[in-house]
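Results of the structural survey
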Amino acid sequence: MGLLDTILGRSKPVRPNLDQLFALPSAALTLQAGAGFAPTGLGSVCFAGVEGGGFARVRQDVQELLDADLGRSGPPVAFSQDAYGYTWLLAQRSPDDTAALVNDLHAVNTLLQDGGFGPQLLCSLLGFRDPEQRSLALVYLYKRGSFYPFAPLPGAAEKRDNQRELQVRAVLGDDLRIEPDLARWFPVWGAPGL
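Conventions and cut-offs
Residues numbered from 1 in each chain as written. Predicted model: local features only at pLDDT ≥ 70, side-chain atom pairs only at ≥ 80, totals over all residues. Heavy atoms only, no water. Buried < 20%, exposed > 50% of the residue type's maximum accessible area, 1.4 Å probe, protein only. Helix = DSSP H or I, 4+ residues; strand = E, 2+ residues; numbered from the N terminus. Pairing = 2+ DSSP bridges. Core = buried A, V, L, I, M, F, W, Y, C linked by side-chain atoms within 4.5 Å. Contact = heavy atoms within 4.5 Å. Phe/Tyr/Trp six-rings, centres within 6.5 Å; stacked < 30°, edge-to-face > 60°.

Now for the pairing of strand E5 (residues 135-141). Most of E5 sits inside the fold, with seven of its seven residues counted as buried. Alternating residues of E5 divide into Ser135, Ala137, Val139 and Leu141 and Leu136, Leu138 and Tyr140, and every residue in both groups is buried. For strand E4 (residues 121-129) and E5, the ladder comprises seven bridges, and the chain directions are antiparallel. Of the residues in E5, the one forming a bridge with Ser124 is Tyr140. Taken together, E4 and the strand that follows it, E5, pair antiparallel across an intervening segment of five residues, in which Gln133 is found at a positive phi of about 65°. With five bridges connecting them, E5 and strand E6 (residues 146-150) associate as antiparallel partners. Within E6, the position partnered with Tyr140 by the bridge is Phe147. Counting the residues between successive antiparallel strands, the hairpin from E5 to E6 contains four residues, one of them, Gly145, with a positive phi of roughly 65°.

It is worth spelling out the nonpolar core at this point. Soluble globular proteins: nonpolar side chains tend toward being buried together. Core analysis: the biggest nonpolar cluster contains 49 residues, and Leu31, Val45, Leu112 and Val188 have the highest contact counts within it. Beyond its immediate chain neighbours, meaning those up to four positions away, Leu112 contacts Val45, Phe47, Phe55, Val58, Phe117, Gly118 and Leu121.

We now examine the pairing of E4. With seven of nine residues buried, E4 lies mostly within the body of the structure. Direction of pairing for strand E1 (residues 38-47) relative to E4: antiparallel, over a ladder of seven bridges. Residue pairing across strands places Cys46 opposite Cys123, the latter belonging to E4.

Attention now moves to the packing of aromatic side chains. Under the criterion given, the structure shown has four aromatic pairs. Between Tyr140 and Phe147, the ring centres sit 4.9 Å apart and the planes meet at 50°, which makes this aromatic pair tilted. For the pair Tyr140 and Phe147, a shared accessibility class is recorded, and that class is buried. When the centroid spacing of 6.1 Å and the interplanar angle of 20° are considered together, the rings of Tyr148 and Trp185 count as stacked. Of this pair, Tyr148 sits in strand E6 while Trp185 sits in the segment after helix H5 (162-172), placing them 37 residues apart in sequence. The exposure class of Tyr148 is buried, given its relative accessible area of 1%. What links up through ring pairs into an aromatic cluster is the set Tyr140, Tyr142 and Phe147.

Here it is in structure tokens:
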């Protein structure tokens, strides 16, 4: 960053550090102990719509990589598109194997990034539920290099439980790099894995 950038108030964007995803298994333990939310075994990756032969090859590589795990039951990853045109990849593992799910999400992200689709990566999320079946997601923002909690209110159409999100932020402050700008805590309505 140069002097002109400093004068004009420009800053370098934070580079995604996919290795931050490996902090999620210990954060999941803290979240379960501190707020009662247990992992669901579901995680997903979101990216801007991509088409063409290059992406088809990466998609096939993702499926082959995750299919290679003989201990997995069911499909390794499901692709879907949301109402906003974003593509989601949903991975599933046993709820008590958060580390394996995080490894899957990291592998998917790495394949997309190495395939030249890094700028299209938007977020990854890991799903949780509490004993009352309320949903929560820990969302990793690629362009910010940080996490935030997303807690939709049960039964409410696109309403969030802001108090619960702030409670989770306080519980996980030492485990994850939490996004400090609350305006960047974007809702992920209808995200697979939530």
